[in-house]
Amino acid sequence: MNYFPDEVLEHVFDFLTSHRDRNAVSLVCSLWYRVERFSRQRVFIGNCYAISPEKLIKRFPGLKSLTLKGKHHFADFNLVPYDWGGYVQPWIEALAKSRIGLEELRLKRMVVSDESLELLSRSFANFKALVLVSCEGFTTDGLAAIAANCRFLRELDLQENEIDDHSGHWLSCFPDSCTSLTSLNFACLKGEINSASLERLVARSPNLRSLRLNRSVPLETLQKILVQAPLLVDLGTGSYVHDPDSETYNKLKTTILTCKSIRNLSGFLEVDPRCLPAIFPICLNLTYLNLSYAAGIHGSELIKLIRRCAKLQRLWILDCIGDKGLEVVASTCNELQELRVFPSDPLGIGHDAVTEYGLVAISIGCPKLHSLLYFCQQMTNAALITVARNCPNFIRFRLCILDPTKPDAVTMQPLDDGFGAIVQSCKFLRRLSLTGLLTDQVFRYIGMYAEQLEMLSVAFAGNSDKGMLYVLNGCKKLRKLEIMDCPFGNGALLSDAGKYETMRSLWMSSCEITLSGCKTLAKMMPRLNVEIINEHDQMEICPEDDGQRVGKLYLYRTLVGPRKDAPEFVWNL
Amino acid sequence: MSPLLLTADEGEQSNVSSSPTVDCISQNGSGLKECNYMGLSDCSSVDCSAVSSSSEEKKNNLNLKATELRLGLPGSQSPGRTPELCLLNTGKHDEKPLFPLIPSKEGICSLLQKHVVSGNKRGFSDTIDVFSEVKGSVYTAGNWMIHATSDSQPPQSVGQGKFPGNSGMNVVPSSMSSGACSRILEFSGKILQEDPCSTNGISHNHKTASKNNSSAPALKAQVVGWPPIRSFRKNSLATTPKNSPIALFVKVSMDGAPYQRKVDLRTYSTYQELSTALEKMFSCFTIGQCGSQGAPGREMLSESKLRDLLHGSEYVLTYEDKDGDWMLVGDVPWVMFIESCKRLKIMRGSDAIGLAPRAMEKTSKRI
């Protein structure tokens, strides 16, 4: 290998796009490490506290695109207190000071401030893409800064962020000279925006391919926008409510006929089902349909719509579709690869539901299914076994029975065998979430069969430490393990401390581990950050009482030691 | 090769027949704890203790949330007692009832700031008895989240356990596995009689129970972090009205009542439901009148007598339509009715004579 010029190596490495491949390549020898690091443009950091911005910048001076993840996954479910951490500010500051020509920044579960956005917008002349997923801490003022200062902005993608909406003026901050937009998603904004500004923006963005509106954008505006952007590939509607007898609606019907490129459709946060026929003509082209926020579309209308979407590959839906509706999906959408069924009424009372019948129907009709997120009322082993047999290609299998310790609905047995069948049959399974009545047995199956498993989410399962041990010992590729409310204690936690350095992180909340166990672990493994999160009210917790149970443990491997920005209630042992 | 898959085909049993390679299966039964379905004390001590300790931790966690969500009745009862509480029987007409019946999607939380988590205080025992036979209606206490304190809570552990099935009764033991904190039900006439809400908690989401309609109360325990749905999505769906885009609130007045009420017509689907709900809503006024007319004391007033009062000779339900005319309720199909109804009025039978001859006979048949 010494006689290859560096340029050749670099050229070869150009073909490696996945960061895992590039990471692997960099470990081969110091030459390859050097070539790789100078040629690397995209870096993915799964835990922003695993490394420091300075080290990142030093290693990859050619960095153009950075992806960062902050808080743990369970922050989505309010298990991580607000000010736990995950601030992007230090990263942006460090990058701004350096000579990095950042062009893309993708953040997930991080705290982003207006100040950060402002700094970002001013520091990188060639900045092109900002993607924020489940972030918080900023307002529309920050967005205004991005709009105003990033002259070559192509992508502004806001997904499910908590944004303080001060006003709709941010949209008007895009200068008239900005014509480079390809993707704009502000569906999560709650406030009003200026329709005229939006229309003008779309009119001067000939490359716009993805546009997702928020619920304040009326149907009239949608129609006008579609006239300007017939090449849209990805559309998220705003308020899809209008009088179906009106001229506006008729205009929309005509306009939509010209939008032959739309492949992804989402939105419908507000919807009058009588207006749905307007989109029927494009349904046959759809490959991605997200109606998971469309609570206003019910069973029969939903089914009418889905019957026309024969080419769907990804479907996100609410459980008001019912088992019958899923049967329709199964018979219509034979190309389906990803299905997500969300509960339509997480806070209230609902009569609608899906059960194991719907899932079995899907497995029969959609053999290409590889990703599943399924919130349901009940499940049975028999159904899971059938699904496992019909769909051996699962990569992601996440089942959530809303009653988390519910047994097999027919036999009242634990669901161990059902999940066991899944892991045994699906040899490429990378992500698994379990619910239902589950004993240590299910973990034994997982340890035995889930060889490719990388992420496991468990709640209210298992009987003893053995459960966790099976997983730690068996799943060689495990990277993320998150556990809540399981009877796993210090024995399990400490059995294979070295394992945690091969993983990104471990989360255990409301389990049986005690402070002494965590302290022991922290001492054994200096390259792990072992954090205990104490809720604000638990001031009675005394750092000396090692016997007390730990409420929340979050540990992760890191190269930079305990973080300096941890709040008071987070103890780094 | 794979015993699980091979044997599973045979039947519906989850206890697959044993195979030599996976002996764990044959020991399936013995490997399992003998938790009974109710998840009571049969559970292993590990589970139980895990649960109870985590419940203490969670209690602290949840107290913050509890204050914004908890709903407690003035005469809170432990689960399992007969639903005897009624909401409007306080007789304090000038005081806003703690449990107004107006369905409000999310705003109920604000009303419940003055929750009464008072265990078994029976402040209204006398008047409560009056309505002891009220059943299947909006006002049945069983349909309310009864916040039981730790004293009254049955000894149950969550962990591996399950909760009893439900009927209309939703009970929230306060120190359930994770310091249960009740979420607010969407109060609407037809919904309440069945399902407990699927809340951010261990929601024994007995949507299937609506098919079963068993009679045991549903236990609602709230666990932070359950169900695992992104809070953004949860909040978003909470603010999006589900069944119809517009709620149709109309005023309901009754002759002689000191104040009017409002009902959301969209929560009912038949005249019968509306009538029943209105009866309940205005029954307290009727009782007062009944008393003053020398009817037997409150304690002996039964549901049927109430009905008689409202149906038979005393009251007639009328509405004002889009044209401003006062019409008798019940003539047109329900859907047409709710589209044209602007407000409702419960008229005294004597006043209604002019409205339609034989109005009283009509109403006693229809309503």
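Residues numbered from 1 in each chain as written. Chains lettered and ligands numbered in written order. Predicted model: local features only at pLDDT ≥ 70, side-chain atom pairs only at ≥ 80, totals over all residues. Heavy atoms only, no water.

Going by an unreviewed UniProt entry, chain B carries the name Auxin-responsive protein and comes from Carya illinoinensis. UniProt, in its Sequence similarities (unreviewed entry) section for chain B, records the words "Belongs to the Aux/IAA family." Comment text from UniProt for chain B, heading Subunit (unreviewed entry), reads "Homodimers and heterodimers." (UniProt positions renumbered as here; feature names shortened; annotations may be inferred.)

An unreviewed UniProt entry annotates chain A as F-box domain-containing protein of Carya illinoinensis. The annotation that UniProt attaches to chain A under Pathway (unreviewed entry) is "Protein modification; protein ubiquitination." Checking UniProt for chain A, the heading Subcellular location (unreviewed entry) contains the comment "Nucleus".

Caption draft 1: Just the overall build of chain A, in detail. Helices and strands together make up the secondary structure of chain A, namely 20 helices and 25 strands. Looking at the 573 residues of chain A, the share that counts as buried comes to 63%. Of the roughly 21,000 Å² of accessible surface on chain A, a fraction of 53% belongs to carbon and sulfur atoms. (Helix = DSSP H or I, 4+ residues; strand = E, 2+ residues; numbered from the N terminus. Buried < 20%, exposed > 50% of the residue type's maximum accessible area, 1.4 Å probe, protein only. Areas by Shrake-Rupley, 256 points an atom, 1.4 Å probe, with all protein chains shown as cover.)

Caption draft 2: Highlighting a nonpolar patch on the surface. All names here are of chain A. A cluster of nonpolar side chains, Tyr3, Phe4, Val8 and Val12, forms an exposed patch at the surface whose accessible area comes to about 420 Å². Following the sequence through the fold, Val12 ends up in helix H1 (residues 6-14). For Val12, a relative accessible area of 45% corresponds to the partly exposed category. (Patch = residues over 30% accessible without salt bridge, like charges linked within 9 Å, V, L, I, M, F, W, Y side chains within 5 Å. Salt bridge = Lys/Arg side-chain N within 4 Å of Asp/Glu carboxyl O.)

Caption draft 3: Structural context of the pairing of strand S22 (residues 505-509) of chain A. Residues and elements named next belong to chain A. The buried count for S22 comes to five of five residues, which makes it a mostly enclosed element. Alternating residues of S22 divide into Ser505, Trp507 and Ser509 and Leu506 and Met508, and every residue in both groups is buried. The pairing of strand S21 (residues 480-484) with S22 spans five bridges and is classified as parallel. What sits directly across from Lys480, in S22, is Ser505. (Pairing = 2+ DSSP bridges.)

Caption draft 4: Structural detail: the packing of helix H14 (residues 356-365) of chain A against helix H15 (residues 381-390) of chain A. Residues and elements named next belong to chain A. At a minimum axis distance of 9 Å, the contact between H14 and H15 shows a crossing angle of 15°. The angle between H14 and H15 falls in the class roughly parallel. The two elements H14 and H15 cross, and the hand of that crossing is left-handed. Counting all contacts with H14, which are made through Glu356, Leu359, Val360, Ser363 and Ile364, the residues of H15 involved are Ala383, Thr386, Val387 and Asn390. (Axes fitted to C-alpha atoms, helices over the stretch in contact; angles between N-to-C directions. Parallel < 35°, antiparallel > 145°, perpendicular 65-115°, else oblique. Left-handed = near helix turned anticlockwise from the far one by under 90°. Contact = heavy atoms within 4.5 Å.)

Caption draft 5: Expanded view of the packing of H15(A) against helix H16 (residues 416-425) of chain A. All names here are of chain A. Relative orientation of the contacting elements H15 and H16 amounts to 5°, with a least axis distance of 7 Å. Here H16 runs roughly parallel to H15, going by the angle between their axes. Counting all contacts with H15, which are made through Asn381, Leu384, Ile385, Val387, Ala388 and Arg389, the residues of H16 involved are Asp416, Asp417, Gly418, Phe419, Ala421, Ile422 and Ser425. Residue classes in the contact of H15 with H16 are distributed as seven nonpolar, three polar and three charged. (Nonpolar A, V, L, I, M, F, W, Y, C, P; charged D, E, K, R; others polar.)

Caption draft 6: The arrangement of the side chain of A:Asp234 in detail. All names here are of chain A. Of note, Asp234 is situated in strand S10 (residues 234-236). Assessed through its relative accessible area of 8%, Asp234 is described here as buried. Residues within four places of Asp234 in sequence aside, it is in contact with Arg209, Ser210, Leu211, Arg212 and Asn264.

Caption draft 7: Layout of the nonpolar core. If you look at the biggest cluster of nonpolar residues, it comprises 201 residues, and the most contacted ones within it are A:Leu66, A:Tyr240, A:Phe397, A:Ile446 and A:Leu553. Once you skip the residues sitting within four places of it in the chain, A:Leu553 turns out to touch A:Leu493, A:Leu506, A:Trp507, A:Met508, A:Ile513, A:Cys518, A:Val530, A:Glu531 and A:Ile532. B:Val250, B:Tyr271, B:Cys341 and B:Leu344 belong to the second largest nonpolar core, which has 23 residues in total. (Core = buried A, V, L, I, M, F, W, Y, C linked by side-chain atoms within 4.5 Å.)

Caption draft 8: Main features of the packing of aromatic side chains. Tallied over the entire structure, the rule returns 22 aromatic pairs over all chains. With centroids separated by 5.7 Å and ring planes inclined at 80°, the aromatic side chains of A:Phe74 and A:Trp507 adopt a geometry described as edge-to-face. Linking A:Phe74 in the loop between strand S2 (65-69) and helix H5 (89-97) with A:Trp507 in strand S22, this pair joins segments that are 433 residues apart in sequence. In this structure, A:Phe74 and A:Trp507 share a single accessibility class: buried. Judged by centre distance (4.8 Å) and plane angle (90°), the ring pair of B:Tyr319 and B:Phe337 falls under edge-to-face. One end of the pair, B:Tyr319, is in strand S7 (residues 315-320); the other, B:Phe337, is in helix H12 (residues 334-340), and 18 residues separate them in sequence. Per residue, the accessibility class of B:Tyr319 equals that of B:Phe337, and both read buried. Three or more aromatic residues joined by ring pairs form one cluster here, namely A:Tyr49, A:Phe74, A:Phe77, A:Trp84, A:Trp507, A:Tyr554 and A:Tyr556. A cation over a ring is seen here: A:Arg37 above A:Phe38, with NZ or CZ 4.4 Å from the ring centre. (Phe/Tyr/Trp six-rings, centres within 6.5 Å; stacked < 30°, edge-to-face > 60°. Lys NZ or Arg CZ within 6 Å of the ring centre and 35° of its normal.)

Caption draft 9: Fine view of the pattern of salt bridges. Residues and elements named next belong to chain A. Taken as a whole, this structure holds 31 salt bridges over all chains when the rule is applied. Between Lys128 and Glu103 there is a salt bridge whose closest N-O contact spans 3.3 Å. Here Glu103 lies in the loop between H5 and strand S3 (104-108) and Lys128 lies in the loop between helix H6 (114-123) and strand S4 (129-133), a separation of 25 residues in the sequence. The same class applies to Lys128 and to Glu103, which are both buried. Its salt-bridge partner being Lys368, residue Glu335 comes within 2.9 Å of it at the nearest N-O pair.

Caption draft 10: View of the pairing of strand S6 (residues 261-264) of chain B. Residues and elements named next belong to chain B. As paired strands, strand S5 (residues 249-254) and S6 are joined by four bridges and run antiparallel to one another. Residue pairing in the sheet places Lys251 in a bridge with Lys262 of S6. Turn length for the S5-S6 hairpin, with the two strands adjacent in sequence and antiparallel, is six residues, and the turn residue Gly256 shows positive phi of about 90°.

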